[in-house]
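Structural overview for review
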Amino acid sequence: MNFRTGLGYDVHRLTEGRKLIVGGVDIPYEKGLLGHSDADVLVHAIMDALLGACKLGDIGRHFPDTDPQYKGISSITLLKHVGALLGNNGYRVVNIDSVIVAQQPKMKPHIPQMEENIAQALGIDVYDVNVKATTEEGLSFTGSGEGMAAKAVCLVERVN
C-alpha cells in the first residue's frame, strides 16, 4: 500500500456584497468571502491538501485567479475537477479532516451539508469527510471578524 498525506490552508477576507459560501453551502450572513471564485475557504483548503498529497501543485497552479474562466466559479465544481485529476493520476481519497476558523456565523448547523457536498464532489463516502469549526476567542483576524480561515489534512492511496 502506498499512502500519502496532504495539508491545506486557506484564508479569505469577509466583505459586504458577497455571498458566504463555505463547504458548498450558502450561509445566510451579512458578509461573504472575498475572492476570484466563490472564495469557499474550506473547499480551497481541501483542494490544496489533496493536490499536495499527490504532488500535483496547488490550486493557484490549476485555477489561477488571473484566469477569467474561474471568476465567480463554484469551488465545488473545482473540487470535482481535482477529484478527477487525482483519479487520472492513480490516487483515491481515503479520508479528509478539516477545520473552519471563524468567529461568526456559527458553522455547526451547516456541517452535515458541507460534508455531504464535499463527499459527493469527490465520489467518496460521507463517512470519510470530517468538518469541524472553531473560533479564536476574539483573537487574530478571524476573531475580529475580518476574515475566515480553514485547514485540512487528507490521506490518499496510490491505486496504480
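Residues numbered from 1 in each chain as written. Predicted model: local features only at pLDDT ≥ 70, side-chain atom pairs only at ≥ 80, totals over all residues. Heavy atoms only, no water.

**Considerations on the pairing of strand E7 (residues 147-158)**
Operational definition: Paired strands, in this sense, are two strands between which DSSP finds at least two bridges. A run of H or I in DSSP becomes a helix once it reaches four residues, and a run of E becomes a strand once it reaches two; helices and strands are each numbered from the N terminus.
Alignment of strand E1 (residues 2-15) against E7, held across 12 bridges, turns out to be antiparallel. Considered in E7, the bridge of Arg-4 is made with Val-156. For strand E5 (residues 91-101) and E7, the ladder comprises 10 bridges, and the chain directions are antiparallel. Bridge pairing in E7 links Asp-97 to Val-153.

**Regarding helix H3 (residues 75-88)**
What counts is decided by this rule: Every helix has an expected span of 1.5 Å times one less than the residues it contains. Note on contacts: a residue pair qualifies if any of its non-hydrogen atoms lie within 4.5 Å across the two residues.
With 14 residues, H3 extends 20 Å from end C-alpha to end C-alpha; this agrees with the ideal 20 Å at 1.5 Å per step. Taken together, the buried residues of H3 touch helix H1 (41-53), helix H2 (59-62), E5, helix H4 (111-122) and E7. Downstream of H3 by a residue or two, Gly-90 has a phi angle that is positive, lying close to 85 degrees.

**Structural notes on the pairing of E5**
Condition: With a 1.4 Å probe rolled over the protein chains alone, any residue whose accessible area is under 20% of its type maximum counts as buried; one over 50% counts as exposed, and the rest are partly exposed. Here a crossover is taken to be right-handed if, once the strands point away from the viewer, the path from the first strand over the helix to the second is traced clockwise.
Counted residue by residue, E5 has eight buried out of 11 residues, so it is predominantly covered. As paired strands, E5 and strand E6 (residues 129-134) are joined by six bridges and run parallel to one another. Of the residues in E6, the one forming a bridge with Ile-96 is Val-129. Handedness of the crossover joining E5 and E6 through H4: right-handed.

**Considerations on the nonpolar core**
For clarity, the cut-off: The criterion is simple. A nonpolar core is a set of buried Ala, Val, Leu, Ile, Met, Phe, Trp, Tyr and Cys residues joined through side-chain atoms within 4.5 Å.
Counting residues in hydrophobic clusters, the biggest one holds 48 residues, and the most contacted among them are Val-22, Leu-50, Leu-79 and Met-114. Of all the elements in the fold, those that place two or more residues in this core are strand E2 (20-22), strand E3 (25-27), H1, H3, E5, H4, E6 and E7. For this core, the element with the most residues is H1, which contributes 10 residues. Once residues within four sequence positions are removed from consideration, Leu-79 is found in contact with Val-43, Ile-46, Met-47, Leu-50, Ile-118, Ala-121 and Leu-122.

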